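One letter stands for each residue in the lines below.
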Amino acid sequence: MRRQSRSYYVAIATTILLVGGTLTQAKSKYVCDEPKPEDMCNAANTCGSSSSVCTINVRKSGGSSTVRPGIPNAKNNQFFCIKTGTSVVWMTSSKNTGFMISFGTDSPFDPDDPIIGGGNKPITVKAQNPGCYKYDAGAFYSGAVFGMSGGSKPELVILP
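This one's a predicted model, so the numbers in the text were calculated from it and none came from an experiment. (Residues numbered from 1 in each chain as written. Predicted model: local features only at pLDDT ≥ 70, side-chain atom pairs only at ≥ 80, totals over all residues. Heavy atoms only, no water.)

1. Considering the packing of aromatic side chains
Overall, the coordinates contain 6 aromatic pairs when judged by the stated rule. Relative to Phe 109, the ring of Trp 90 lies with its centre 6.1 Å away and its plane at 85°, an arrangement referred to as edge-to-face. Placement of Trp 90 in strand 4 (residues 87-91) and of Phe 109 in strand 6 (residues 109-110) is noted, with a sequence separation of 19 residues between them. Exposure remark for Trp 90: the relative accessible area of 0% places this residue in the buried category. For Phe 109, a relative accessible area of 2% puts it in the buried group. For the pair Phe 103 and Tyr 133, a centre-to-centre distance of 6.1 Å together with 90° between the ring planes defines the contact as edge-to-face. Of this pair, Phe 103 sits in the loop between strand 5 (97-102) and strand 6 while Tyr 133 is found in strand 9 (residues 131-134), placing the two residues 30 residues apart along the sequence. Both residues of the pair, Phe 103 and Tyr 133, belong to the buried class. A cation over a ring is seen here: Lys 134 above Tyr 30, with NZ or CZ 4.0 Å from the ring centre. (Phe/Tyr/Trp six-rings, centres within 6.5 Å; stacked < 30°, edge-to-face > 60°. Helix = DSSP H or I, 4+ residues; strand = E, 2+ residues; numbered from the N terminus. Buried < 20%, exposed > 50% of the residue type's maximum accessible area, 1.4 Å probe, protein only. Lys NZ or Arg CZ within 6 Å of the ring centre and 35° of its normal.)

Below, the structure written as structure tokens:
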């Protein structure tokens, strides 16, 4: 076995430190993991206001579900913001489809319960607790053999 020079080991250690430092500085894929997620809110990604309702469409898409806020050019499962005091209507535009939204033990809405609705049953809640929230969203077809779709993990910010 050949003996390695000291400079070889120094080069390896330097490479590990550089790569490791880069990895720890990488941004999270979750907005809520950022130091000030509310700074990412702007007019283009804020849904509703104290005088206009925010409508959020929950749909089943293959084996998963999608959430799309009622803002121009919105994409499925995009991060969005809602101002405190805004009425929010969770609904689905899909016929014979049900949905469930769960924030776990820390809901930003009143009432503080899982949001369960369907094609003929939109659910209205009021944004109350400022903060950044990850939530589970699921959708299902009435009478489906395989039941609920795989959930998605979108995020939203409730602004003060």
